[in-house]
Amino acid sequence: MSRIHRRHFLAAGAATVATSALDARAFAQAPGHEHHGGLYESLQKPGRIGLPEIAATQHVTDSPAPKAANQGRWITKAPLPLPRSEMAWATAHADKMHLLGGYGEQRVDRPYHQVYDPVADRWGDATPLPKGANHVGVAVLDGNLYAIGGFIEQNRRPHGECFVIEAVAGRVWRMIAPLPRPCGAIACVALNGALHAIGGAIGDTLPTKKSVDWHLVYDPKADKWNVRAPMPLGMDHTGTLAVGNVIHVVGGRVDSFLTNSNLHHTYDPAKDTWQPRRPLPTARSGHGAVLYRDKIFVMGGEGYERVYGQNEAYDPATDRWEAYAPMPTPRHGLGAALVGDAVHVAGGGPIMGGGVQSAVHEAFTLD
């Protein structure tokens, strides 16, 4: 079933989930630039490694979009405490970046919750997820950090559990109403007091994995998921964010990265309708999408035997795309968020698939 029929679902009663709490205010556990033996690690074997040689054949950075006059620049920042990938997204609150779940240390169901402080240029540990997973949907709404669904195996076998924690100093995650059906790689956006969960993938095995066009909206006051107009096409691994009072969904994949999309649509909550916008110049999935200086910057991503470094930006006022300075280290399955006046991109896979994780952290600025 690729579409949830338009109906309301009964919300499960909220429960409190205790974890081995680590104070989100503590940033002393991850010294900024210390690492051992390289910034990469294999999913198959422990120990740090260098950038795999095959990356040279897979990395692409050429964009068909016209070049912007100010190309901007990338700055190396404190690496992650350990190589990670397939977090799917990151989110920011109070000028700090939150990165949850993903692959790391030879497992694909990590409960990591790491927070970056740009003033100190340091990473620290916060309260880990109650349920480790990859491709977790994340967003901050009214000061609360949400974690929605995810996969508990390698990009497959989704779960439907959902959790919330106070973003600044939360010590305990609380369970909220689960998704109507298990799903991973869901894009989450906070807008006008509600949490939108859009698209995603279902299926316990790769042959049965399928992208969905679902559009669910969580009401935190009622602890309930409601159904809204579905996406025009079922996709996952999209770049999704709010600009003003509309939601943009940019790129993504249809069932696998063999069928990446360059589609770009906006959703208007007031009308419950979707409209097409100018397509993404470089079709891709597993990319970052961040609103920076009134433009949507899309960076990184993956395709068949391709890992993208393109950094393309969309101006909603003119409906035009431009190309900016590409990522120094192309990656996919990364975490990207606006922290201060820079787009921070952390972790991700430097080669196609989930076989290698990275601790690379680079920031893009127009200054």
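Just above sits the structure.
Here goes a summary of the coordinates provided.

Thresholds, definitions, all that
Residues numbered from 1 in each chain as written. Predicted model: local features only at pLDDT ≥ 70, side-chain atom pairs only at ≥ 80, totals over all residues. Heavy atoms only, no water. Helix = DSSP H or I, 4+ residues; strand = E, 2+ residues; numbered from the N terminus. Buried < 20%, exposed > 50% of the residue type's maximum accessible area, 1.4 Å probe, protein only. Pairing = 2+ DSSP bridges. Axes fitted to C-alpha atoms, helices over the stretch in contact; angles between N-to-C directions. Disulfide = S-S within 2.5 Å. Polar contact = N/O pair within 3.5 Å; in protein donor to acceptor, adjacent residues only side chain to side chain. Contact = heavy atoms within 4.5 Å. Core = buried A, V, L, I, M, F, W, Y, C linked by side-chain atoms within 4.5 Å.

Turning to unusual backbone geometry, a few remarks are in order. One non-glycine residue, Asp-95, lies in positive phi territory at about 60°. Tracing the backbone through its elements, the reader meets Asp-95 in the loop between β6 (90–93) and β7 (96–100). We note that His-237 has phi near 55°; this positive angle belongs to a residue other than glycine. Classification of His-237 by relative accessible area gives buried; the value is 5%.

With that settled, the discussion passes to the sheet that holds strand β14 (residues 187–191). Spatial strand order, β14-β15-β18-β19: four strands in an open sheet with antiparallel pairing. Taken across any chain shown, the strands that pair with only one partner, and hence form the sheet edges, are β14 and β19 (224–227). Strand-to-strand twist in this sheet, taken as the mean axis angle between neighbours without regard to direction, amounts to 25°. Here five bridges tie β14 to strand β15 (residues 194–198), and the two strands are oriented antiparallel to one another. Directly across from Cys-188, in β15, lies its bridge partner Ala-197.

This part takes up the state of the cysteines. One pass over the full model with this rule turns up zero disulfides. The closest cysteine sulfur to the non-disulfide-bonded Cys-162 is located on Cys-188, 7.9 Å from its own sulfur. By relative accessible area, which is 1% here, Cys-162 ends up buried.

By the secondary structure assignment, Ser-85 is in the loop between β5 (73–76) and β6. Only 3.1 Å separates the side chain of Ser-85 from the side chain of Gln-357, close enough to count as a polar contact. Setting aside residues up to four positions removed in sequence, Ser-85 forms contacts with Gly-102, Tyr-103, Gly-333, Gly-348, Gly-349, Val-356 and Gln-357.

Quick look at the side chain of Asn-134 now. Relative to the assigned elements, Asn-134 resides in the loop between β9 (122–125) and β10 (137–141). Take Asn-134: its relative accessible area is 0%, and that puts it in the buried class. Within polar-contact distance, the side chain of Asn-134 engages the backbone oxygen of Glu-153 at 2.8 Å. Setting aside residues no more than four positions away along its own chain, Asn-134 makes contact with Glu-86, Gly-102, Tyr-103, Val-108, Gly-150, Phe-151, Glu-153, Gln-154 and Asn-155.

Take the nonpolar core next. Counting 21 residues, the largest nonpolar core has Tyr-146, Ile-148, Leu-179, Leu-195 and Trp-225 as its most contacted members. Only β10, β11 (144–153), β12 (156–166), β15, β18 (215–219) and β19 provide two or more residues apiece to this core. Trp-89, Val-136, Leu-145 and Trp-173 belong to the second largest nonpolar core, which has 18 residues in total.

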